[in-house]
Amino acid sequence: MVGAGRDERAWVRGAQAGSASDFEALFRAHWPRAYRAAYLVVHDAAAAEDVAQEAFLAAVRALDRFDSRRPFGPWLHRIVVNRAIDWARARALRREVGAGDAIAEAPAEERGDPTAPLSDDVVAALASLSPDHRAVIVLRYVLEYTPGEISRMLELPRGTVNSRLRRGLDALQGAVRTEEEQ
Amino acid sequence: MSERDLRSALLGVPVLDELEAQRRTWAVVRAAYAEREPVSRRAWRPRLVIAVAVAAALVAAALSPPGRSVGGWIRDRVAGKELAEPALVRLPAAGQLLVVSERGPWIVRPDGSKRLLGDYEDASFSPRAKFVVVTDGHLVMAVELDGDPRWQVARPGPVADPRWAPSPGFRVAYREGDTLRVVAGNGTGDRLLARDVAPIAPAWLPEEGRTVLAYADTTGRVHVVEADGEKELWSARTGASPEKLAWSSDGRLLLVVTNSDRHPLYRANGRPARSVRTPASQDVLDADFEPGTRDVAYSAFDSASRRSLVVLGDERLQAVEGHIDDLAFSPDGRWLLAGWPEADQLLFLRLPGVRRIVVVDDVRREFDPGSTGASAFPRLVGWCCPPTP
């Protein structure tokens, strides 16, 4: 895990004590995966930036209460992924009630060019999954958590996590296969 | 596809704008971190004071703009340039920005490209931003967005504060000394509308096809008149000196920013509505309605703390050292732009709340290229609709 271990604990303690450089080290260690995870769940660069930024701001607000003996990553990633799920669900809802049409018609530049760089078939297939399934896939294969850890982070039964992983993988493989056949 | 292939594929996805996003986020997060009140605050406060003092000395020595800092909850006086956009590379929302610097008015397009319209003093957009009305000494002129003049009116006295009526834009109001005049949108029919007017810009009711204008007189009274019929619809004594007039986008409320701690709002029929109250130690520097709402955003400078607050409705959005002289909403109301002279920065605040801040640095040079950076900070005049074809 990125940032895990002694360095990370030292950065957390330093940041809690007011060391801006330790806080910066913590940020730089965790930003890439936090942003990538958010991006792969929401498939919108601007929204991913908002999600990751809000997660880090939440981390700042809660920094003094954070137990520095515990790893920082899972705590941050839990916020990122849950907020990303909320955002993706809200966007899906907006589409259902029609507002999404306007978003879909807006120039790519205005809405953060959501899927333009997702040329990889796997990622395109990931976009076809529900936000909840995407989140589980991202937690497992991007952030490398075990199903048990994912079940605790998302407050889901372990069986639900396993089934979402299985169904997500099946859907991904099916989608990739379909695209390969076309 | 194996799980290993999947992991590899997901980790290999090029993520759009990753470094820029990281830079922007770090600017905001770092500012929030600087603002927090850690448990051990007492222990590190001396270090902060020393750091600020040293930084201030460095700033003075380097002759760089003071208070170059970013973020929403700012106490970090000397944030580095790497935290801010080095230039206005694009607007975060649709529309065009009208900025007036010592060089004259500039149009900033969504892609960040800029055009200087000419050596004019004041400017405002026509209703659909197809033209800009400008002043130059004794001239009122309408110019196209490439700077080509369309018409001009010459007056004996100095002119100021030109404002174009809402769509279809058949009238332009402006001040000549202490008089208020109106000219047709094609430059004809210039005539006197009122005398003894206060030196603040008039404000057209934003209702299509109407030519209702609000202005203040030198006694502090606000008048709302039908400009074409030269008929006064109502007037009200504000009890203080008006400094700015602004209508809500639905035309139902008129805000009168005054030099006191009470800034009254009037209904369209002239009956008093609520007031915006500010502490006695604060001077309101700019104010406007949030588009599509009746919430007022304002910036206020507190003479005791030497800080400015940006407030929207009841929510404090931003606090900075120094002044926030101008505010401008994006046409969609999703961004609030604030000009911060002490830091030489523009702050684009993503609403609601402050979900994100985009900071643009070196603003003086941006709008006064080739200068030493000592010129006046440009004024943010408006952020208007995209141009019509």
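For the structure, check the block above.
Values in this document were obtained by computation on a predicted structure and should not be read as measured data.

A. Region of the structure containing the overall build of chain B. For chain B, the helix and strand inventory stands at four helices and 28 strands. Looking at chain B residue by residue over its 389 residues, the buried ones come to 54%. When contacts within chain B are restricted to residue pairs at least 6 apart in sequence, long-range pairs at least 24 apart make up 41% of them. If you sum the accessible surface of chain B, you get close to 16,400 Å²; carbon and sulfur atoms cover 51% of it.

B. Fine view of the packing of helix α7 (residues 131–141) of chain A against helix α1 (residues 3–11) of chain B. Their axes nearest at 10 Å, the elements α7(A) and α1(B) cross at an angle of 95°. Classified by the interaxial angle, the pair formed by α7(A) and α1(B) is roughly perpendicular. Where α7(A) abuts α1(B), its residues A:I137, A:R140 and A:Y141 lie against B:E3, B:L6, B:R7, B:L10 and B:L11. Looking at the contact of α7(A) with α1(B) residue by residue, the class counts come to five nonpolar, no polar and three charged.

C. Summary view of the interface of chain B and chain A. Each side of the interface is counted separately: chain B has 37 residues, and chain A has 47 residues. Taken over both partners, the interface formed by chain B and chain A buries close to 4,000 Å², and the fraction arising from carbon and sulfur atoms is 60%. When the buried surface of chain B facing chain A is broken down by residue, B:L10, B:W26 and B:Y33 rank first, second and third, together holding 18% of it. Viewed at the interface, chain A and chain B are joined by two salt bridges. Salt-bridge contacts for A:D50 lead to B:R356; the nearest nitrogen and oxygen are separated by 2.9 Å. If you list the elements that add at least two residues to the side of chain B that touches chain A, you get α1, α2 (18–35), α3 (41–62) and β27 (356–360) of chain B. Examining the composition of the side of chain B that touches chain A, we find that ten residues originate from one element, α2(B), more than from any other. Taken together, the residues of the side of chain B that touches chain A break down into 22 nonpolar, four polar and eleven charged.

D. Here's a closer look at the side chain of B:T179. All names here are of chain B. Residue position: T179 is located in strand β10 (residues 179–184). Residue classification places T179 among the buried residues on the basis of a relative accessible area of 11%. Within polar-contact distance, the side chain of T179 engages the backbone oxygen of E176 at 2.7 Å. When sequence neighbours within four positions are dropped, the list of residues in contact with T179 reads Y174, L192, A194, R195 and V197.

E. Structural view of empty space enclosed by the protein. Residue and element names in this part refer to chain B. A full pass over the atoms with the stated rule returns two cavities of 30 Å³ or more. Reported here for the second largest cavity is a volume of approximately 40 Å³. L255, V257, H263, V276, V284, A287, V296 and Y298 together form the lining of the second largest cavity. For the lining of the second largest cavity, the secondary structure elements donating two or more residues are β17 (253–258), β20 (282–289) and β21 (296–302). For the lining of the second largest cavity, the residue count by class is seven nonpolar, one polar and no charged.

F. Inspection of the nonpolar core at higher detail. Ranked by size, the top nonpolar core spans 85 residues in total, and within it A:I137, B:L10 and B:L336 carry the most contacts. Top contributing element to this core by residue count: helix α2 (residues 20–42) of chain A, with twelve residues. Once residues within four sequence positions are removed from consideration, B:L336 is found in contact with B:A297, B:V310, B:L317, B:L327, B:A328, B:F329, B:L347, B:F348, B:L349 and B:L351. B:L97, B:W335, B:V360 and B:F377 belong to the second largest nonpolar core, which has 18 residues in total.

G. Structural detail: the packing of helix α3 (residues 45–62) of chain A against α2(B). At a closest axis distance of 10 Å, the pairing of α3(A) and α2(B) adopts a crossing angle of 25°. Regarding the angle of α3(A) to α2(B), the classification is roughly parallel. Handedness of the crossing formed by α3(A) with α2(B): right-handed. Where α3(A) abuts α2(B), its residues A:E49, A:Q53, A:F56, A:L57 and A:V60 lie against B:A21, B:R24, B:T25, B:V28, B:V29, B:A32 and B:Y33. Residue composition of the contact of α3(A) with α2(B), by class: eight nonpolar, two polar and two charged.

H. A look at the sheet that holds strand β12 (residues 203–204) of chain B. All names here are of chain B. The strand order across the open sheet built from four strands is β12-β13-β14-β15, with neighbouring strands paired in antiparallel fashion. Each of the sheet's edge strands pairs with one partner strand only, and the pair in question is β12 and β15 (231–237). For β12 and strand β13 (residues 212–216), the ladder comprises two bridges, and the chain directions are antiparallel. Looking across to β13, one finds that A203 is bridged to A214.

I. Up close: the pairing of β17(B). Residues and elements named next belong to chain B. Buried residues dominate β17, accounting for six of its six residues. Burial of the side chains of β17 extends over both faces: L253, L255 and V257 are buried on one face and L254, V256 and T258 on the other. Examined bridge by bridge, strand β16 (residues 242–247) and β17 share five bridges and lie antiparallel to one another. Looking at the pairing, W247 lines up with L254 of β17. Linking β16 back to β17 in an antiparallel pair, the connection comprises five residues, with G251 at a positive phi of about 70°. Relative to strand β18 (residues 262–267), β17 runs antiparallel, the two sharing three bridges.

J. How the structure looks around the packing of aromatic side chains. By the definition in use, this model includes 16 aromatic pairs over all chains. Here A:W31 and A:Y35 contribute two aromatic rings whose centre-to-centre distance is 4.9 Å and whose plane-to-plane angle is 15°, an arrangement assigned as stacked. One end of the pair is A:W31 and the other is A:Y35, both in helix α2 and four residues apart, which spans about a single turn. Each of the two residues, A:W31 as well as A:Y35, counts as buried. Ring geometry for B:W106 and B:F367: centres 5.8 Å apart, planes at 75°, overall edge-to-face. Of this pair, B:W106 sits in strand β2 (residues 104–108) while B:F367 is found in helix α4 (residues 363–367), placing the two residues 261 residues apart along the sequence. Per residue, the accessibility class of B:W106 equals that of B:F367, and both read buried. Of the aromatic side chains, those joined through ring pairs into one cluster are A:F23, A:F27, A:W31, A:Y35, A:Y39, A:F56, B:W26 and B:Y33. Sitting over the ring of A:Y141, A:R140 keeps its end group 5.7 Å from the ring centre. Over the ring of B:F367 we find B:K114; its NZ or CZ atom is 5.8 Å from the centre of that ring.

Thresholds applied
- Residues numbered from 1 in each chain as written.
- Chains lettered and ligands numbered in written order.
- Predicted model: local features only at pLDDT ≥ 70, side-chain atom pairs only at ≥ 80, totals over all residues.
- Heavy atoms only, no water.
- Helix = DSSP H or I, 4+ residues; strand = E, 2+ residues; numbered from the N terminus.
- Buried < 20%, exposed > 50% of the residue type's maximum accessible area, 1.4 Å probe, protein only.
- Contact = heavy atoms within 4.5 Å.
- Areas by Shrake-Rupley, 256 points an atom, 1.4 Å probe, with all protein chains shown as cover.
- Axes fitted to C-alpha atoms, helices over the stretch in contact; angles between N-to-C directions.
- Parallel < 35°, antiparallel > 145°, perpendicular 65-115°, else oblique.
- Nonpolar A, V, L, I, M, F, W, Y, C, P; charged D, E, K, R; others polar.
- Buried area = accessible area lost by both parts, 1.4 Å probe.
- Salt bridge = Lys/Arg side-chain N within 4 Å of Asp/Glu carboxyl O.
- Polar contact = N/O pair within 3.5 Å; in protein donor to acceptor, adjacent residues only side chain to side chain.
- 1 Å grid on protein atoms, 1.4 Å probe; cavity = no way out; pocket = protein on both sides within 12 Å on 5 of 7 lines; lining within 4 Å.
- Points joined across faces, edges and corners; volume = space filled by probe spheres on them.
- Core = buried A, V, L, I, M, F, W, Y, C linked by side-chain atoms within 4.5 Å.
- Left-handed = near helix turned anticlockwise from the far one by under 90°.
- Pairing = 2+ DSSP bridges.
- Phe/Tyr/Trp six-rings, centres within 6.5 Å; stacked < 30°, edge-to-face > 60°.
- Lys NZ or Arg CZ within 6 Å of the ring centre and 35° of its normal.

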